[in-house]
Amino acid sequence: MAITKVKNIPVLGFAAYSGTGKTTLLEALLPLLTDTGLRIGVLKHAHHNFDVDKPGKDSYRLRKAGASQMLISSRYRHALMTETPDEEANFEYLINRFDHQLLDLILVEGCKNIAFPKIELNRQQVGKPWLYPSDDNIIAVASDSELELQIPTLEINDLDAICQFIQQYVVQQQSTIVNSSPAVCCDTLSPAFLSVEQGQQKILRSVDALTSSEEITLDNAYGRVLAKSIHSPINVPAYTNSAMDGYALRSDDLDHDDFKLVGSVMAGYSYQGELGAGETVQIMTGAPIPLGADTVIMREQSTVKGDTVSFSAKASKGQNVRQAGEDLEVGQTVFEQGCLVEAPELGMIASLGFGSVNVRRKLKVAVFSTGDEVQAPGSELKANSIFDSNRFTIKAILQKLDCEIIDLGILEDDEMVMEKAIEQASHAADLIITSGGVSVGDADFIKNVLERSGNVNFWRINMRPGRPLAFGSINNKPFFGLPGNPVAVMVSFINFVEPAIRKMQGVTDFMPFKATAIASENLRSRQGRTEFSRGVYSMNNNTGQLEVRLTGKQGSGILRSMSEANCLIEISPNIDTVKQGEYVTIIPLQGRI
């Protein structure tokens with residue numbers, strides 16, 4: 001059971017179906033609880049839109065007029081109303097809005113799909129099914145039925161008994177807080193129960209960026225990481241120029257009706273001489289502004305008769321003129337060390353006149369598969385064997401990450417062969433990746449080799465798919481042992497290997513892109529673990545919002561589901577159901593696998 005305490009404040013919920021009378025019960029309980037001296041905060045979750053201020057009131061009018069946050073205060077109370085049109089605030093965020101220093105307990109009405117301690121309320125006349133059989137977070141049941149359960153049962157109309165139970169719960173939780181050990185961190189957790197975030201942090205603390213670099217031409221720089229910051233050697237623009245096709249003139253002459261046309265300037269050329277009073281020069285986009293001129297009027301607003309030009313619109317000083325150095329000044333930093341060089345960066349670097357850049361050398365990654373049952377594609381499939389798909393998946397992702405790949409092929413289940421190959425790989429590569437052989441029940445070849453030649457940090461992550469994961473080092477070279485199931489390989493790679501590779505490449509502040517989408521169907525998960533499902537997201541043309549659906553069956557060995565997916569759907573450990581119409585986190589896969 002997941003016990004939720006936020007900043008040492010116990011949290012307790014009332015879970016029930018609509019019509020059971022949660023609000024009525026809570027309204028009757030609160031006076032009894034506050035009479036005992038408890039300071040109580042209440043969070044109520046609604047499935048519909050609501051207003052906490054009345055139409056016509058000032059706060060209502062201002063909020064409806066466009067205020068995304070509306071704080072109203074008086075001598076007796078204050079309230080902050082926050083509009084959340086794009087995404088509903090999550091449970092942890094809402095709980096942390098309370099002033100915990102002034103509370104002893106937070107009661108929650110609703111949020112029955114979130115993992116935190118709850119009392120289930122049930123009345124026979126409502127006719128709804130029980131929640132406790134499928135929710136381990138229910139610590140007691142209050143009903144008008146006679147029950148014999150392993151958890152406490154209360155009479156739903158006996159307010160004193162419910163009040164006493166809540167008091168005991170608070171005392172128990174406060175005692176737990178006082179006697180608890182210091183905050184748990186990755187190093188003190190059991191290796192079998194690391195969360196996704198803890199595993200990521202532990203891995204990132206264990207890897208370092210490459211220090212060696214090389215100078216390469218721009219033609220070969222795409223996908224590489226800058227080893228040195230780039231500073232502009234020139235002003236950008238290099239000279240003051242026209243932002244559009246039109247006519248250059250002096251702002252002192254803006255009150256003139258007509259101008260004398262004395263020349264024209266094409267891009268790549270300049271006007272010789274200084275512009276005089278009442279004179280104008282035809283100018284093309286990017287051409288230098290003539291001496292004396294400081295304003296450009298667009299061609300569409302002009303009328304030309306012979307050598308006389310008039311304008312149909314009023315102009316202001318400096319309009320349509322790009323000043324020298326207004327984008328970049330000489331010596332200004334353009335890209336910091338650790339910047340990933342992609343198409344926009346290449347174009348910018350080239351525009352500054354650089355023909356080469358200093359980048360981190362390519363990361364060398366050794367890849368191999370294990371198992372006597374694993375067979376190379378292209379051969380006739382033997383009995384009780386499978387074709388090696390994971391190695392090709394891993395190599396393809398590594399190619400997208402611009403790594404240099406050392407392919408060791410398939411290693412047989414022989415400890416001496418495996419130890420020799422891994423030892424050689426640790427000297428030739430910066431990182432070693434394999435798949436299979438890391439689950440409970442697998443042959444212990446890799447584990448034995450790692451224990452003799454290096455060390456193992458952890459073996460299981462609280463996620464699905466991809467729970468078995470080995471991470472360690474061989475001769476101080478990071479080692480990843482990914483799961484054997486094809487889908488689990490890709491999910492584990494995205495969550496753990498890619499961030500490690502980006503850090504080793506020297507990329508600063510790498511953050512995998514995530515977005516939110518509306519679930520177009522109910523999504524189930526198991527509380528207590530992070531669930532990654534394969535999904536397909538698309539834009540709803542009517543609402544302009546992203547929507548997501550499952551690809552179908554979600555077995556971790558169904559490789560086709562990954563091919564059909566364009567995203568992973570990430571469901572956090574404290575949620576067991578995402579209902580149709582609710583928001584969920586997605587990880588787009590385009591360009592990543």
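Rules used in this analysis
- Residues numbered from 1 in each chain as written.
- Predicted model: local features only at pLDDT ≥ 70, side-chain atom pairs only at ≥ 80, totals over all residues.
- Heavy atoms only, no water.
- UniProt positions renumbered as here; feature names shortened; annotations may be inferred.
- Helix = DSSP H or I, 4+ residues; strand = E, 2+ residues; numbered from the N terminus.
- Contact = heavy atoms within 4.5 Å.
- Areas by Shrake-Rupley, 256 points an atom, 1.4 Å probe, with all protein chains shown as cover.
- Patch = residues over 30% accessible without salt bridge, like charges linked within 9 Å, V, L, I, M, F, W, Y side chains within 5 Å.
- Salt bridge = Lys/Arg side-chain N within 4 Å of Asp/Glu carboxyl O.
- Lys, Arg positive; Asp, Glu negative; His and termini not counted.
- Charge placed at Lys NZ, Arg CZ, Asp CG, Glu CD.
- Expected span 1.5 Å × (residues − 1).
- Bend = angle between axes of the 7 residues up to and from the residue.
- Buried < 20%, exposed > 50% of the residue type's maximum accessible area, 1.4 Å probe, protein only.
- Pairing = 2+ DSSP bridges.
- Axes fitted to C-alpha atoms, helices over the stretch in contact; angles between N-to-C directions.
- Core = buried A, V, L, I, M, F, W, Y, C linked by side-chain atoms within 4.5 Å.

Labelled according to an unreviewed UniProt entry, the protein appears under the name Molybdopterin molybdenumtransferase, originating from Vibrio gelatinilyticus. What UniProt states about the protein under its Pathway (unreviewed entry) heading is, verbatim, "Cofactor biosynthesis; molybdopterin biosynthesis." Under the heading Sequence similarities (unreviewed entry), UniProt records this for the protein: "Belongs to the MoeA family."

Engineer: Sorry if this is basic, but what is going on with the overall build of the protein here?
Structural biologist: Across its full length, the protein carries eleven helices and 37 strands. Taking all contacts inside the protein whose residues are at least 6 apart in sequence as the whole, residues at least 24 apart take part in 68%. Accessible area for the protein stands at about 30800 Å²; split by element, carbon and sulfur atoms hold 48% of it.

Engineer: How do you make sense of a negative patch on the surface when you look at a structure like this?
Structural biologist: A surface patch of like charges, here negative, comprises Asp 144, Glu 155, Asp 158 and Asp 160. Mapped onto the elements of the fold, Glu 155 is located in strand E9 (residues 153-155).

Engineer: Please explain helix H1 (residues 22-35) as it appears in this structure.
Structural biologist: With 14 residues, H1 extends 20 Å from end C-alpha to end C-alpha; this agrees with the ideal 20 Å at 1.5 Å per step. At Leu 29, H1 shows its strongest bend, of approximately 30°, with the proline Pro 31 following within four residues. Listed in full, the buried residues belonging to H1 are Lys 22, Leu 25, Leu 26, Leu 29 and Leu 33.

Engineer: How should I be thinking about the environment of Ile 569 in this particular structure?
Structural biologist: Along the chain, Ile 569 falls in strand E35 (residues 567-571). Looking at Ile 569, the relative accessible area reads 0%, which means it is buried. Here the alpha-carbon distance between Ile 569 and Pro 588, two residues 19 residues apart in the chain, equals 8.8 Å. Look past the residues within four positions of Ile 569 in its chain and what remains in contact with it is Leu 523, Glu 531, Phe 532, Ser 533, Arg 534, Gly 535, Val 548, Arg 549, Leu 550, Val 584, Thr 585 and Ile 586.

Engineer: Explanation requested: the pairing of strand E29 (residues 468-474) in the structure shown.
Structural biologist: The side chains of a regular strand alternate between both faces of the sheet. Burial within E29 is extensive, with seven of its seven residues counted as buried. Here E29 shows no split at all, with Pro 468, Ala 470, Gly 472 and Ile 474 on one side and Leu 469, Phe 471 and Ser 473 on the other all buried. Both E29 and strand E30 (residues 477-482) contribute to a ladder of five bridges, which runs antiparallel. Residue pairing across strands places Gly 472 opposite Phe 479, the latter belonging to E30. Taken together, E29 and the strand that follows it, E30, pair antiparallel across an intervening segment of two residues, in which Asn 475 is found at a positive phi of about 50°.

Engineer: Any chance you could explain the sheet that holds strand E13 (residues 246-249) here in plain terms?
Structural biologist: Picture the strands of a sheet paired through backbone hydrogen bonds; they go either parallel or antiparallel. Spatially, the six strands line up as an open sheet ordered E16-E13-E15-E14-E18-E17, and their pairing is mixed. Both edges of this open sheet fall to strand E16 (295-298) and strand E17 (302-305), since each of them pairs with a single strand only. Direction aside, neighbouring strands of the sheet carry axes that sit 40° apart on average. Summarising the sheet, strand E14 (residues 258-265) and strand E15 (residues 279-283) pair through four bridges and their orientation is parallel. When the bridges of E15 are listed, Val 265 appears paired with Ile 283.

Engineer: Would you mind showing me how to read the nonpolar core here?
Structural biologist: In this structure, Leu 398, Ile 433, Phe 480, Leu 482, Phe 493 and Ile 501 are the most contacted members of the largest nonpolar core, which totals 38 residues. Taken together, the elements giving at least two residues each to this core come down to helix H5 (196-206), strand E22 (364-370), helix H7 (390-400), strand E26 (431-435), E29, E30 and helix H10 (486-505). No other element matches the eleven residues that H10 contributes to this core. Residue contacts for Leu 398: discarding those within four places in its chain leaves Val 365, Val 367, Cys 403, Ile 405, Ile 433, Phe 493 and Ile 501. Leu 12, Leu 33, Ile 40 and Leu 121 belong to the second-largest nonpolar core, a separate cluster that totals 24 residues.

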